[in-house]
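Residue-level structure breakdown
Residue-level listing of the chains:
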Amino acid sequence: MSSLNKNLQFMLLALLLSWLPDPLCAGELEISSSPSPVGSGARAAGMANAFVAVADDATAASWNPAGLVHLERPEISVVGSYSYLMEWFNADYHEEFETRNHTDKLDLNYLSFAYPMPFSVYGHNVCLSLNYQKKYDFNRSFHFDLDQATASDSGLVQNDFQHYAFAQRGGLSAITPAIALELSRRLSIGASFNIWHPTFFSENSWEQVTKTRSLRLLGSSVYLGRMRYEEHYESFTGQNMTLGLLWNPVERWSVGMRYDTAFTGKTDYSSSTISGTFSVLSGKFVFNNTNNREQRLVHLPDSLAFGIAWRPNDRLTLSMDVTRTDWNDFHVKTEGGKRLSLVDSSNLDNPWTRPRFKPTYTARLGAEYVFVPQEPEEKLDHLWSLRTGFFWDEEPASGKTSGFRLPGQNGSGKPDTFYGCALGVGLLLRQRINIDAACQVRYGPDVNRDFIRGIDGFKEDVVQIRFLLSTVIYF
């Protein structure tokens, strides 16, 4: 009987250890850059993405498709990007937890062909374009150690030494045909039709891999444990629209509006868990392997942006944008009908535990100065421009505190605040080729307090750096 009890105790401990109380909640989707669905291009990036009321180049389909009517010649544009994410973790009472992590990614950000129609439609100018755009980047990785000591039911002190490693790879992109129509000399409208589908440039998929190693000391017993948990979302497909309006109420002023519709996409989902526990004293080993495969629905939120731009002269442009995004219904729906938040993995169908996420807002200020020659008739082989800007950005968060929470303590839903600046330069060669470069720096101090659950006082500092290089060729 005593031998049976010992085996039963070992099996219970093995089950607990193979589960490993994981502070990383599966099911969240980590967006590496600003989650606001902003557009593409180094010129706009140099102006801190305050481009909704400007939108007068080939990237307009991603910012405000109504701006495509500004184009006078066919254009081809290519945009490349390099992103670098740095994170500093720390937590109260856990010096071993303090780590520095980084992730980088080189990618094709945008590719487009825009064609102003050579004839009018019922007296109105029309422009068409076909675009590829990378909408969301999900690449992120980090690791940390966690040491904990607790008292077991038997009165013995239990010491756990754990190492966690997390990696997320992938992203979402869309093929986007767009059209713009000039209703009058001062008013134009446009629409972009975003077709989210795997392409040669992007698989439209993402994966998450969490690995843990642990050493547990319980009295004279020593247990070693390992776990690997994977989630794969493959071949995401869906459709939505970006609607735009551009209005020039008075000379040298423009007002822009952009609306991204919410939509639901389909994806093939699979997950697997492999875990094992080894007792050093008894030499016994317990192994566990589970798998799941199903089709899931992913719901992405709508977004609304307003912009205003002022051109006091032909050289200077000042612009400002404000964007609102509703993340309350950013979720995945399982094949069984359960809705899980992609912000904090909470069950949205449970009113006792689900948070009410407040909308996020982004405010952006940008400026562009073109070194136009003093004499209008002067012809130059090259033309320089300089850009800069600042922005205040938010990311969705639950606002939940770490540690134990009573039912109904769902969190405030208050977003995390980020700040950023941008600098860019442009060069137009012989009126045929335009080259733009930009750098953005985005900083979030003491953010993501609800990211690692169960650890009191967790917080992190985040720095995101993006470099963009654009080339536009005019025909």
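Residues numbered from 1 in each chain as written. Predicted model: local features only at pLDDT ≥ 70, side-chain atom pairs only at ≥ 80, totals over all residues. Heavy atoms only, no water.

Attention shifts here to the pattern of salt bridges. This structure, assessed with the given rule, holds 20 salt bridges. Linking arginine 258 and aspartate 260 is a salt bridge whose minimum nitrogen-to-oxygen distance equals 2.6 Å. For aspartate 260, a relative accessible area of 5% gives the class buried. Here aspartate 436 ties to arginine 387 by a salt bridge, and the two come within 3.0 Å at their closest N and O atoms. One end of the pair, aspartate 436, is in strand E19 (residues 433-447); the other, arginine 387, is in strand E17 (residues 382-395), and 49 residues separate them in sequence. Given the relative accessible area of 3%, aspartate 436 is considered buried. A residue is classified by how much of its surface remains accessible, and arginine 387, at 3% relative accessible area, is buried. (Salt bridge = Lys/Arg side-chain N within 4 Å of Asp/Glu carboxyl O. Buried < 20%, exposed > 50% of the residue type's maximum accessible area, 1.4 Å probe, protein only. Helix = DSSP H or I, 4+ residues; strand = E, 2+ residues; numbered from the N terminus.)

The next subject is the nonpolar core. Among the nonpolar cores identified, the biggest contains 23 residues, and Phe51, Val54, Ala55, Ala61, Trp63, Leu68 and Leu468 are the most heavily contacted of them. For this core, the secondary structure elements donating two or more residues are helix H2 (42-46), helix H3 (60-63), strand E2 (99-116) and strand E5 (157-182). Aside from chain neighbours lying at most four places away, what touches alanine 55 is Ala60, Trp63, Asn64, Gly67, Leu68 and His70. Within the second largest apolar cluster, 20 residues are counted, among which are Leu29, Tyr136, Tyr233 and Val343. (Core = buried A, V, L, I, M, F, W, Y, C linked by side-chain atoms within 4.5 Å. Contact = heavy atoms within 4.5 Å.)

This paragraph deals with the side chain of threonine 267. Looking at the secondary structure, you find threonine 267 in strand E10 (residues 263-279). Given the relative accessible area of 2%, threonine 267 is considered buried. Of note is the side chain of threonine 267, whose polar atom sits 2.9 Å from the backbone oxygen of glutamate 234. Filtering out sequence-adjacent residues up to four positions away, threonine 267 remains in contact with Tyr233, Glu234, Ser235, Phe236, Glu294, Gln295, Arg296 and Val298. (Polar contact = N/O pair within 3.5 Å; in protein donor to acceptor, adjacent residues only side chain to side chain.)

For the rest of this paragraph, the subject is the confidence of the model for the chain. Of the residues in the chain, 89% reach a pLDDT of 70 or more, and the chain-wide mean stands at 86. Contacts of residues 1-6 to residues separated by more than four positions or lying in other chains number zero contacts, the stretch itself having pLDDT below 50. Segment residues 8-23 is flagged for pLDDT under 50; beyond a separation of four residues in sequence, or across chains, it makes 38 contacts in the model. (pLDDT = per-residue confidence, 0-100.)

Bringing the packing of aromatic side chains into the picture now. Two measures describe an aromatic ring pair: the distance that separates the ring centres and the angle between the ring planes. Within the structure shown, the criterion is met by 26 aromatic pairs. Centre to centre, the rings of phenylalanine 51 and tryptophan 63 are 5.8 Å apart; their planes meet at 70 degrees, and the pair counts as edge-to-face. One end of the pair, phenylalanine 51, is in the loop between H2 and H3; the other, tryptophan 63, is in helix H3, and 12 residues separate them in sequence. Assigned by exposure class, phenylalanine 51 and tryptophan 63 land together as buried. For the pair phenylalanine 142 and phenylalanine 166, a centre-to-centre distance of 5.0 Å together with 25 degrees between the ring planes defines the contact as stacked. Of the two residues, phenylalanine 142 is situated in strand E4 (residues 140-151) and phenylalanine 166 in strand E5; the sequence distance between them amounts to 24 residues. For phenylalanine 142, a relative accessible area of 4% puts it in the buried group. A residue is classified by how much of its surface remains accessible, and phenylalanine 166, at 9% relative accessible area, is buried. Pairwise contacts between aromatic rings join Tyr136, Phe138, Trp196, Trp206, Tyr233, Phe236, Phe263 and Tyr269 into one cluster. In this arrangement the basic side chain of arginine 296 is found over the ring face of tyrosine 269, its NZ or CZ atom lying 3.5 Å from the centre. Over the face of the ring belonging to phenylalanine 418 we find arginine 442, whose NZ or CZ atom lies 4.0 Å from the ring centre. (Phe/Tyr/Trp six-rings, centres within 6.5 Å; stacked < 30°, edge-to-face > 60°. Lys NZ or Arg CZ within 6 Å of the ring centre and 35° of its normal.)

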